[in-house]
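Given next are the chains, with one letter for each unit.
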Amino acid sequence: MVEAADADLLYSRHKAITALFPYAAQQEQSGEHEMLNTFLQTARALQQSRFTLWHRIELFVASILNVARPASMKLVAILASPHLPWATMNSEHLIEPWAAAALAITYTDNIGQAIVDTLLQVASDHSLQPFLPPGIWSLLKKHPLLPPACMGRCQGSTQGVLQAVRALENLEILKSYLLLIWSEWDHLFCYAGGEMCASIRTDFSGIGMEHHRKDLLQQLDLVLGQLDLGLGHLQQHKSSLDEFDIWLMKEQYGDLKEVLLNIDKETINTLTRKPSRLAIIFSLLTLLGKYRNPLKVYMCTSPPVLLAVLLDHSLFISPIHNSSHQLTLYP
Amino acid sequence: MSRIHLQLKQISGNPNIMESHFKSIAIWSLWAIQSEISNKPQQFGNQSCPTHHEWLELWDQIHIRNPTLAIIYLDVLLGCITVKNNQVTEGPKMGQAMRAASLCLLRALPGVDPTSEVVNDIHKKYIGFFPPYANFNGLSSYYLISAIHALFIGRQNRYFFGWMDYKPCPQEHAFFANTLVQVAHKARDCWGKVPRWTLCFALHSLAFDPPPSTLLIVDCLSIIAIDMGCDILSPGTVTPDERYVYA
C-alpha cells in the first residue's frame, strides 16, 4: 500500500512511476488488471501529495486517445487522466479527444469520478478551459462521489470555473457543480466565495427555486455536520487537513448557508405579502362593484397588472398603479 | 575516412591494448566503414543488421575490462565528427562508424572505475572537444551521441533530450536498452539517481505500438526498477525471461 505520507519518496520516483504507465496499459489490454490498479493507486497517492505524473507522458496519452485506438485503451487514458499534469503538458490538443472519449465511454462510478476530477482540473486552467466542449459539463449531473483527496474539486472552486459553469445558463449543471465542490475535504478558493454567494442570490432566488435551495441547504448541512465531527475524524481520511482548514471551511460553508436561508426568508416574505395586497385590490374592486367571483388571480409586477380569470372564464385585466401606499385601479 | 584509418592506426600502434580487443573494434569499425563505402549494408551473419544475439555476441568479444579502450572508442567517435559554433556534423560516410563507436563507448562507460585516472582523462578529452551546449541535430546517431553527451555533461548543465522520433531497428533498440540498464545501474551507484533521459527512454520504448520484444520490456522495467531502488540480479544468475528484483 502506497501512503501519501511518503511524499518526498513519491515525488523523487514520479518519473519512474510514470514510465510504468505504458506497461500497465499493455497489461490491462491483455486482461491482467493488477498492474493498472497498482499504478492508479500509486498515482492517487501522488495526487494526495499534490503531485502529478511526469509531463513526458503526453505523447503516450495522445497516442492512446487517438480515434483509431480501441475503447479499452481509451478507458485506461480516462482512468489515468486525473493524474496527468494538464498544466505543464502541451495539453490543448489532448482535451478534445479526451472529452470525446469521456462522452462516448460507458459510465460507471469510477469513470465518472475520473472524468469530473479531470474536467474541473482542466477548467481551472484559464488557457485550457476554452478547449472544453460545452457538452462535457453535463456529466456533472451524474453526481459522482469524489474521493477525499481530489485535485479537481480543490482547483475547481476558483472564480474562473464558477463563471464558466454559470455561463452555460443551466441551473441543473450549476447546482450539480456546487454540490460537487461543497465538501468537508476542501475549502473554497477565497475569491470564489464572494462570487458564489452572488451566484446563489442571483441564480437561486425567488419562487420556484425552493427545490434547488433545499438540495443545496441539505448538502451544506451535511458538510457542516461532518466538520463538526472534528479534525481527528477527518484526518483519518485526509491527513493533510489542519485546524485552519476546518475553521476556514466552517466560515465559508456557514456563510453560504446563511445566504441560502436569507433567500428563503425573503421568498416567504414576498409570498406572505402578496395575499394582503390582493386582499386590498379585491376589497376595492368589490367596493367599486366590479368584483365577481374569480377562478384564478394573478398579479404581475412588471408590467404592473392584475389578471383574474372569472367563473365564466372571462378575463379581467387591470393596470395597477401603486404609489405612496395608494392603490388606484383602472377597470 | 582518412580519420578513421588514422584512429585505427593509433589503436594498432598502442602496445597496451590486447590484440583481441583491437581486432574486435577494428572488425566492427571496418564493417561499418565498408557498409558506408559500398552504400549497402555488409552482410553480418545472415542479416544486414546484426541480430540482438549478434550484437551481444559481438559485445562479448569487445567487452573489455581494460578501461583504456573507452578512450579509444571516444577517439574513434571524435574522429568521425567536427564541431563548429556548437553545431556538430558528421564526416562524409562516417555514419556507421560513428554509430559503432558510440554504442561501444556507451557500453564501456559504465564499466570504467569512477575513481580511476582514466575517468579524468576521458572526461577532459570529451569536454575539450564538445561544448556543453553542443547541437547534435542532423546526426545519424543523434540519440546515441546525445546519451553520451548527457552522461558526460548532463548533470552539471541540466542537459536533457527526448526520444520522440527514436525508432531504431529492433536489434539496435534492444542492444541500446540493455546498455542503458548498465548505465542506470552505474548512475545510481555514483549519483544515487538514474538519469531521467534513461527513464524517458524506458517510457518511450514501452509505449511502442505494437509493444516491443519481451527482452526489451525486461530491460526497460529494469531501468525503472533501478530508479525505484530495487536491486536486480546480475545476468547469469537468472534466465533472461525471469524478472527477479529485490526492493
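Keep in mind it's a predicted model, so treat the numbers as computed, not measured.

Here the focus is the overall build of chain B. Scanning chain B from terminus to terminus reveals 10 helices and 4 strands. Counted from the first residue to the last, chain B has its helices and strands arranged as α-α-α-α-β-β-α-α-α-α-α-α-β-β. Of all 247 residues assigned to chain B, the portion counted as buried reaches 52%. Expressed as a percentage of contacts within chain B between residues at least 6 apart in sequence, the contacts between residues at least 24 apart total 65%. Carbon and sulfur atoms make up 53% of the accessible area of chain B, which totals about 11800 Å².

This next bit is on the overall build of chain A. A count of helical and extended segments in chain A gives 15 helices and 4 strands. Within chain A, the fraction of its 331 residues that count as buried is 46%. Counting contacts in chain A only where the partners sit at least 6 residues apart, residues at least 24 apart contribute 66% of the total. For chain A, the accessible area works out to roughly 16600 Å², and carbon and sulfur atoms hold 55% of it.

Residues and elements named next belong to chain B. In this model, helix 10 (residues 214-227) (14 residues) spans 20 Å end to end at C-alpha, consistent with the 20 Å of a helix rising 1.5 Å per residue. Across the 14 residues that make up helix 10, a large majority, 12, are buried. Turning to helix 10, its buried residues number three or more, namely Leu 216, Ile 217, Val 218, Asp 219, Cys 220, Leu 221, Ser 222, Ile 223, Ile 224, Ala 225, Ile 226 and Asp 227. Just past helix 10, the residue Gly 229 takes up positive phi, approximately 90°.

Attention now moves to the interface of chain B and chain A. Each partner contributes to the interface: chain B provides 18 residues, whereas chain A provides 17 residues. Buried surface at the junction of chain B and chain A, both sides included, amounts to about 1600 Å², of which 70% is carbon and sulfur. Of all residues in chain B, the largest losses of buried area upon contact with chain A belong to Leu203(B), Leu206(B) and Met228(B), amounting jointly to 31% of the total for that side. Taken together, the links from chain B to chain A amount to 1 salt bridge. At the boundary of chain B with chain A, the tally comes to 3 residue pairs in polar contact (both at pLDDT 80 or more). Elements that contribute at least two residues to the side of chain B that touches chain A include exactly helix 9 (196-206) and helix 10 of chain B. Considering only residue class, the side of chain B that touches chain A consists of 13 nonpolar, 1 polar and 4 charged.

Trp98(A), Trp137(A) and Trp182(A) are the most contacted members of the largest nonpolar core, which totals 156 residues. If near-sequence neighbours (up to four positions away) are discounted, Trp137(A) is found in contact with Leu119(A), Leu120(A), Ala123(A), Leu132(A), Val161(A), Ala164(A), Val165(A), Leu168(A) and Ile173(A).

Of the strand pairs in this sheet, strand 1 (residues 81-84) of chain B and strand 2 (residues 87-90) of chain B are connected by 4 bridges, and their pairing is antiparallel. The residue of strand 2 of chain B that forms the bridge with Lys84(B) is Gln87(B).

The next point concerns unusual backbone geometry. Between Asp209(B) and the following residue, Pro210(B), the backbone shows a cis peptide bond with an omega angle of 0°. The backbone phi angle of Arg50(A) is positive, close to 65°, even though this residue is not glycine. In this structure, Arg50(A) sits in the loop between helix 4 (34-48) and helix 5 (58-64). Of note in the backbone geometry, Asn85(B) takes a positive phi value of approximately 50° without being a glycine. In this structure, Asn85(B) sits in the loop between strand 1 and strand 2.

Before going further, it helps to examine the pattern of salt bridges. Residues and elements named next belong to chain A. Applying the stated criterion to the full structure yields 11 salt bridges over all chains. Here Arg 166 and Asp 203 are joined by a salt bridge, their closest N and O atoms 2.9 Å apart. Highlighted residues: Arg 166 in helix 10 (residues 159-167) and Asp 203 in helix 12 (residues 190-203), separated in sequence by 37 residues. Of the charged contacts in the structure, one is a salt bridge between Lys 250 and Asp 228, with a shortest N-O distance of 3.6 Å. With Lys 250 in helix 15 (residues 243-287) and Asp 228 in helix 13 (residues 210-228), this pair connects stretches of sequence that are 22 residues apart. Judged by relative accessible area, which is 36%, Lys 250 ranks as partly exposed. The network of salt bridges with shared partners includes Arg 153, Asp 186 and Lys 238.

Residues and elements named next belong to chain A. Mean pLDDT over chain A: 84, with 79% of residues reaching 70 or higher. Contacts for the low-pLDDT stretch residues 1-5, under 50 throughout, to residues beyond four places or in other chains number 10 contacts. Low pLDDT, under 50, characterises residues 322-331; the predicted model gives this stretch 21 contacts beyond four residues in sequence or across chains.

Scanning the model with the defined rule gives 21 aromatic pairs over all chains in all. Here the aromatic rings of Phe161(B) and Trp163(B) are separated by 4.9 Å at their centres, their planes lie at 55°, and the arrangement is tilted. Here Phe161(B) matches Trp163(B) in class, with each residue buried. Grouped by ring-pair contacts, the aromatic residues Tyr142(B), Tyr143(B), Phe161(B), Trp163(B), Tyr166(B), Phe176(B), Trp197(B) and Phe201(B) constitute a single cluster. Directly above the aromatic system of Trp54(A) lies the positively charged group of Lys15(A), at a separation of 5.8 Å from the ring centroid.

Rules used in this analysis
- Residues numbered from 1 in each chain as written.
- Chains lettered and ligands numbered in written order.
- Predicted model: local features only at pLDDT ≥ 70, side-chain atom pairs only at ≥ 80, totals over all residues.
- Heavy atoms only, no water.
- Helix = DSSP H or I, 4+ residues; strand = E, 2+ residues; numbered from the N terminus.
- Buried < 20%, exposed > 50% of the residue type's maximum accessible area, 1.4 Å probe, protein only.
- Contact = heavy atoms within 4.5 Å.
- Areas by Shrake-Rupley, 256 points an atom, 1.4 Å probe, with all protein chains shown as cover.
- Expected span 1.5 Å × (residues − 1).
- Buried area = accessible area lost by both parts, 1.4 Å probe.
- Salt bridge = Lys/Arg side-chain N within 4 Å of Asp/Glu carboxyl O.
- Polar contact = N/O pair within 3.5 Å; in protein donor to acceptor, adjacent residues only side chain to side chain.
- Nonpolar A, V, L, I, M, F, W, Y, C, P; charged D, E, K, R; others polar.
- Core = buried A, V, L, I, M, F, W, Y, C linked by side-chain atoms within 4.5 Å.
- Pairing = 2+ DSSP bridges.
- pLDDT = per-residue confidence, 0-100.
- Phe/Tyr/Trp six-rings, centres within 6.5 Å; stacked < 30°, edge-to-face > 60°.
- Lys NZ or Arg CZ within 6 Å of the ring centre and 35° of its normal.

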